[in-house]
Amino acid sequence: MKAIRRFTVRPVLPEPLRPLSDLARNLRWSWHAETRDLFQSIDPERWAASEGDPVRLLGGVRPGRLAELAEDRRFLRRLAAAADDLGDYVTGDRWYQTQPAGLPAAIAYFSPEFGITAALPQYSGGLGILAGDHLKAASDLGVPLIGVGLLYRHGYFRQSLSRDGWQQEHYPVLDPHELPLALLEEPDGTPAQVSLALPGGKRLRARIWLAQVGRVPLLMLDSDVEENEHGERGVTDRLYGGGSEHRLLQEMLLGIGGVRAVRTYCRLTGHPEPEVFHTNEGHAGFLGLERIAELCDDGLDFDAGLEAVRSGTVFTTHTPVPAGIDRFDRELVARHFGTDAELPRIDVERILRLGMETYPGGEPNLFNMAVMGLRLAQRANGVSLLHGQVSREMFAGLWPGFDPEEVPITSVTNGVHAPTWVAPEVFRLGARQVGAQRTEDALTVDGIDRWDAVAGIADQDIWELRRTLREQLVVEVRERLRASWRQRGAGTAELGWIDGVLDPDVLTIGFARRVPSYKRLTLMLRDPDRLMELLLHPEHPVQIVVAGKAHPADDGGKRLVQELVRFADDPRVRHRIVFLPDYGMAMAQKLYPGCDIWLNNPLRPLEACGTSGMKAALNGCLNLSVLDGWWDEWFKPDFGWAIPTADGAGTDPDRRDDIEAAALYDLLEQRVTPRFYERGQSGLPDRWIEMVRQTLTLLGPKVLAGRMVREYVERLYTPAAQASRALPPSAAEELAAWKARVRTAWHGVTVDHVETTATTATAELGTTLGLRVRVGLGALSPDDVEVQVVSGRVDSEDRITDAGTIALKAAGGQDPDGRWLYEGPLSLDRTGPYGYTVRVLPTHRLLASGAELGLVAGPSEEGVEEAGVLMR
């Protein structure tokens, strides 16, 4: 019989145990081992059954057991210590509080998904895990962040396999009352709500759930409220589900509703209002429109409001391909804004102009969320050095006239939250070497000196640790594989072979991630016979653990999963290669530490960062990867291997896969496996252990989310806060008016004549040339522009590479023809083919970049010929 109504019955904790409720409701337990150990000691069996979720644990503990614990003085001492420690953590000064004045009072961080813990399944993959790690690291550092997301009633999806290996999706319903969440309430006890206007006089309402992530509040909007009609109740049903309109409503709720939720939270709690708004990918881009509307209500016009909003906005792109960006039909967006819908105070055409692809190669009728994100943010970044470069090239059309290197998109390489991903055994080994506090500091605050201590750990200890972790993975894999085969319909009598799956003394390779085609799940199967030889090698065998989810609508990805599963089902190799369904945080936390090699073979350069290899590295796992994302930036032969790429323009995809798969097999056969199995005089694999040591000492400090968040604070958040403070309403109006005037008059800006003191086409290193440039400024004045000489080496087509710029100085007033003279020196500081050109850019004290307006004027062809532009 099926219940017609469901309740969540919470336990009544005896008074001495009341702090358990606070500990369970603050998600710091998800990365704080002592707190988890405390909960486990309450009832180890129930803790395992609750999958490490304290809220579920407390909901099922027998009242008699609670009464025992309330009298257990040893337990109460541990409980008091844990509660005091949490109190110190959330209120004491941390890194942020020790920095010089001028940092933002608060930052709002918006993301469509957050991976905090398996107990709060609101993530699909790397973007959400990165967002969760960002919040945790901000908490550890004391950064006053407010997270903003949606609460999906079905989360992403749970994955299982059919008998023939086809992915199947399941969407369990999540009851917020059974999750580590609390409703945000008004003073009268009613749930706080935000509301959006929809076409036809409808409204979309949402409650605000609060997840406390250490010191950081995470606000999650939930449209499943009784006041909504059926369609609106389902807006937050699934992560990345539904059609275009469904996704548009989710993104309006996240962006516009999210800003309203932040305002509500700050009003109710007294939390400082954010000075900086950070958009993690384009999904939350509408937040900028809501903030402009707020300023318009305060009396600013749209243009001034846009400048004020841009100054305090940071946009992070994670997508290296246009196809990965949300784009909506222009008419769909227009219908949801304006007088009959949301933000009626703003002209719909102004909204549309922010997202339209009005550049060469763009689709003029599509509204692009990343384009809007870039136009609404004065500061933008990719998530690795290579991805920053790819992003500058991908979005260069928004800054016409500028080389991709000058497009104002920087990069902050992602990091991972070490306390979440480092196995307890690894932490304990570090604590034994340098002490628990120094180890904890090394994983959160950073400090190279703390990581150098790894050099003092004995080889024997490192090797024993690696075998222990491998052994634990073997146990975990067998349990999960047995459960998977039962789901696939196998009986117990068929599964005896699982007891022999994997060997704790065999080199173990891990490969786990989402399954879009570019990540090439099945590259390892390119030559099945050769892979089989590697798996079954009599002296140097390997074993592989694979996991990953294909998007529910991606049948191509599902076919890749099926292909891998069918290979792994082969009785000849099924003890050496396994596919584990339902990849998620709980599995990942076992998988990363237990592997010796982390494999990553995407199509370069389509991996924006790829943080799974970072998590593996923090546990002493070596990376074997294509030079993409973070590995392109930090790879050294001391601690891993680079898979060669065949990414020439003339290489067809099939041939490229053949070449790169062959390179992967060669690396495994000739370099990786021999090093793992060779033994030195001590009987240990000395050279392998040294690579593990180098991984920890050299990569460890770099891959931390603490390093990443500090970079955001220093390079993006603080400059954004300072720029925002420099733009009170009067300054915003001034900047908007100046930009309008410059755009209108820019057609009159010309570089009319360039002279140089050079008399020949060759010159000696160290020579200084004198430059004289005559420019026409039309209706503008010298205060509105900067005249620059751009110089550097030139390639075979006379394009300047590795360019440097020098500002020229105005020399006197206008000549009779209305032109202005600019002069300056040019030092020839490198040998070989060398060239220069001259350009005029807009300049204003409130601009973050000379490229900000996308306006540039250069010399005419006649001016170039007269200037003698090249020095050879």
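Calculation rules
- Along each chain, the written sequence defines residue order, and numbers are assigned to residues from 1.
- Per-residue local features are limited, in this predicted model, to residues with pLDDT of at least 70; the limit for side-chain atom pairs, both in listing and counting, is 80 or more; totals at the level of whole chains, interfaces and linings are taken over all residues.
- Hydrogens and waters are ignored; side-chain quantities use all the structure's heavy atoms.
- The secondary structure listing takes helices from DSSP runs of H or I that are at least 4 residues long and strands from runs of E that are at least 2 residues long, numbered from the N terminus.
- Both definitions apply: the radius of gyration is a C-alpha atom measure, and the globule rule equals 2.2 Å times residues to the power 0.38.
- In this analysis, two residues are considered to be in contact whenever any of their non-hydrogen atoms come within 4.5 Å of each other.
- Each accessible area value is a Shrake-Rupley result obtained with a 1.4 Å probe; residue values ignore everything except the protein chains displayed when judging cover.
- One side-chain nitrogen of Lys or Arg within 4 Å of one carboxyl oxygen of Asp or Glu is enough to make a salt bridge.
- Note on exposure labels: buried denotes an accessible area under 20% of the residue type's maximum, exposed denotes more than 50%, and partly exposed covers the range between, all computed with a 1.4 Å probe on protein chains only.
- All axes here are fitted lines through C-alpha atoms, helices being fitted over the stretch that makes contact, and every angle between N-to-C directions spans 0 to 180 degrees.
- Our angle categories are set so that under 35 degrees counts as roughly parallel, over 145 as roughly antiparallel, 65 to 115 as roughly perpendicular, and the remainder as oblique.
- The crossing is said to be left-handed when, going from far helix to near helix, the turn is anticlockwise and less than a right angle, and right-handed when the turn is clockwise.
- The nonpolar class holds Ala, Val, Leu, Ile, Met, Phe, Trp, Tyr, Cys and Pro. Asp, Glu, Lys and Arg form the charged class, and all remaining residues, Gly among them, are polar.
- Being paired, for any two strands, means DSSP has found at least two bridges between them.
- To qualify as a nonpolar core, a set must consist of buried Ala, Val, Leu, Ile, Met, Phe, Trp, Tyr and Cys residues joined through side-chain atoms within 4.5 Å.
- To estimate the expected span of a helix, count its residues, drop one, and scale the result by 1.5 Å.
- Stacked, tilted and edge-to-face are the three classes applied to pairs of Phe, Tyr and Trp rings, where Trp contributes its six-membered ring and a pair requires centres within 6.5 Å; stacked means planes under 30 degrees apart, edge-to-face means over 60, and tilted covers the rest.
- Here, the term disulfide refers to a pair of cysteine sulfur atoms separated by no more than 2.5 Å.
- Patches here: salt-bridge-free residues with over 30% relative accessible area, like charges joined within 9 Å, nonpolar side chains (Val, Leu, Ile, Met, Phe, Trp, Tyr) joined within 5 Å.
- The charged-residue count follows a simple rule in which Lys and Arg add positive charge and Asp and Glu add negative charge, with His and chain termini not counted at all.
- A charged residue contributes its charge at one atom only: NZ of Lys, CZ of Arg, CG of Asp or CD of Glu.
- Contacts described as polar in this section are N or O atom pairs within 3.5 Å, which, within protein, must combine one atom able to donate a hydrogen with one able to accept it, while residues neighboring in sequence count only if both atoms come from side chains.

### Notes on the overall build of the protein
Looking only at helices and strands, the protein features 30 helices and 28 strands. Against the compact-globule benchmark of 29 Å for 872 residues, the protein has a radius of gyration of 30 Å, which places it among compact chains. Each principal axis of the C-alpha distribution contributes one length, and for the protein these read about 95 × 70 × 50 Å. Of the contacts made within the protein by residues no fewer than 6 positions apart, 73% connect residues no fewer than 24 positions apart. As presented, the protein carries roughly 35200 Å² of accessible surface, and 49% of it is formed by carbon and sulfur atoms.

### Points about the pattern of salt bridges
On inspection of all chains with the given rule, the structure shows 66 salt bridges. For R163, the salt bridge identified is with E494, shortest N-O distance 3.2 Å. Taken together, the residues R163 in the loop between β3 (158-161) and β4 (167-170) and E494 in the loop between α20 (459-487) and β15 (507-512) connect sequence positions 331 residues apart. Across the pair E660 and R656 runs a salt bridge, and its minimum N-O distance is 3.0 Å. Here the residue E660 and the residue R656 both occupy positions in helix α26 (residues 653-677), the gap between them amounting to four residues, near one helical turn. Overall, E660 belongs to the buried group, its relative accessible area being 0%. Taking the relative accessible area as the measure of exposure, R656 reaches 12% and is therefore buried.

### Quick word on the environment of V578
Counting through the fold element by element, V578 comes out in strand β17 (residues 577-580). When the C-alpha positions of V578 and I208 are compared, they lie 41 Å apart, and in sequence the two are 370 residues distant. When neighbours within four sequence positions are excluded, V578 is seen to be in contact with V477, L481, V501, I544, V545, V546 and A568.

### Some details on the packing of helix α11 (residues 302-311) against helix α29 (residues 729-745)
Closest axis-to-axis distance for the α11/α29 pair is 8 Å, and the angle between their directions is 110°. Considering the angle they form, α11 stands roughly perpendicular to α29. Considering the relative orientation of α11 and α29, their crossing is right-handed. Contacts between α11 and α29 pair D303, A304, E307, A308 and R310 from the former with A732, E733, L735, A736 and K739 from the latter. Here the residues of the contact of α11 with α29 are counted per class, giving five nonpolar, no polar and five charged.

### Thoughts on unusual backbone geometry
P605 follows R604 through a cis peptide bond whose omega is 5°. Within the secondary structure, P605 is located in the loop between β18 (597-600) and α24 (612-617). A positive phi angle is found at E51, which is not glycine, with a value near 55°. The topology assignment puts E51 in the loop between α3 (44-49) and α4 (54-60).

### Side note on the packing of α20 against helix α27 (residues 686-699)
Two elements in contact, α20 and α27, have axes separated by 10 Å at closest approach and are oriented at 85°. By the angle between their directions, the pair α20 and α27 is classed as roughly perpendicular. Touching D459, I462 and W463 of α20 are D686, W688, I689, V692 and R693, all from α27. Class assignment of the residues belonging to the contact of α20 with α27 gives a composition of five nonpolar, no polar and three charged.

### What to know about the sheet that holds strand β26 (residues 819-827)
Strands sit in the order β21-β22-β26-β25 across an open sheet of four strands; the sheet is antiparallel. Sheet topology places β21 (750-756) and β25 (809-810) at the edges, where each strand pairs with a single neighbour. Sheet analysis places strand β22 (residues 768-776) next to β26, joined by nine bridges and oriented antiparallel. Counterpart to V773 in the pairing with β26 is Y822.

### Thoughts on the sheet that holds strand β19 (residues 622-626)
Taking strand neighbours across the sheet as the criterion, the six strands line up as β17-β16-β15-β18-β19-β20 in an open arrangement whose pairing is parallel. For this open sheet the edge positions go to β17 and β20 (640-643), each flanked by a neighbour on one side alone. Strand after strand, the sheet turns through a mean of 20° between neighbouring axes, direction not considered. Across four bridges, β19 lies against β20 in parallel orientation. Across the sheet, the residue bridging to L624 is W641, located in β20.

### Topic: the nonpolar core
Of all hydrophobic cores here, the largest spans 105 residues; its most connected members are M524, I597, L624, W641 and W688. Top element by residues in this core is α20. It accounts for nine residues. Setting aside residues no more than four positions away along its own chain, W688 makes contact with W463, L507, D596, I597, L622, W641, V672, R675 and F676. Formed by 59 residues, the second largest nonpolar core is a distinct cluster that contains V148, A284, A293 and V333.

### Considerations on the side chain of T611
Structurally, T611 is set in the loop between β18 and α24. When sequence neighbours within four positions are dropped, the list of residues in contact with T611 reads N414 and V416.

### Focus on helix α7 (residues 126-141)
In this model α7 runs 22 Å from its N-terminal to its C-terminal C-alpha over 16 residues, within 8% of the 22 Å that 1.5 Å per residue would give. Burial of α7 is extensive: 15 of the 16 residues sit out of reach of the surface. Positioned one or two residues after α7, G142 has a phi angle of 80°, which is positive.

### Digging into the environment of A3
The residue A3 is located in the segment before α1 (19-25) in this model. In this structure the C-alpha to C-alpha distance between A3 and W463, which are 460 residues apart in sequence, comes to 54 Å.

### Quick notes on the pairing of β17
Alternating positions in β17 separate into two faces, I577 and F579 on one and V578 and L580 on the other, with burial throughout. Both strand β16 (residues 542-547) and β17 contribute to a ladder of four bridges, which runs parallel. Bridged to V546 within β17 is F579.

### Description of the packing of aromatic side chains
Following the criterion strictly, the structure yields 20 aromatic pairs and no others. Between the aromatic rings of W463 and F676, the centroid separation amounts to 5.5 Å while the plane-to-plane angle is 55°, which identifies the pairing as tilted. Of the two residues, W463 is situated in helix α20 and F676 in helix α26; the sequence distance between them amounts to 213 residues. Here W463 falls in the buried class, since its relative accessible area comes to 13%. For F676, a relative accessible area of 1% gives the class buried.

### Considerations on helix α10 (residues 287-297)
Residues spaced three or four apart along an α-helix point in a common direction, a consequence of the helix completing one turn every 3.6 residues. Residues of α10 that are buried include every one of L287, G288, L289, E290, R291, I292 and A293, and no others. Once α10 ends, the next one or two residues include G299, with phi positive near 110°.

### Some remarks on the state of the cysteines
In total, this model carries zero disulfides according to the counting rule given. Lacking any disulfide linkage, C609 is separated from the closest cysteine sulfur, that of C621, by 16 Å.

### What about a positive patch on the surface?
Among the surface-exposed residues, R73, R74, R77 and R78 lie close enough to one another that they form a single positively charged patch. By the secondary structure assignment, R73 is in helix α6 (residues 73-91). The class of R73 is exposed, set by a relative accessible area of 66%.

### Some words on the environment of D752
Along the chain, D752 turns up in strand β21. Classification of D752 by relative accessible area gives partly exposed; the value is 27%. When the C-alpha atoms of D752 and W820 are compared, they prove to be 9.7 Å apart, with 68 residues separating the residues in sequence. Those residues in contact with D752 that lie beyond four places of it in its chain are R774, V775, G776 and R819. A polar contact of 2.7 Å, which involves the side chain of D752, links it to the side chain of R819.

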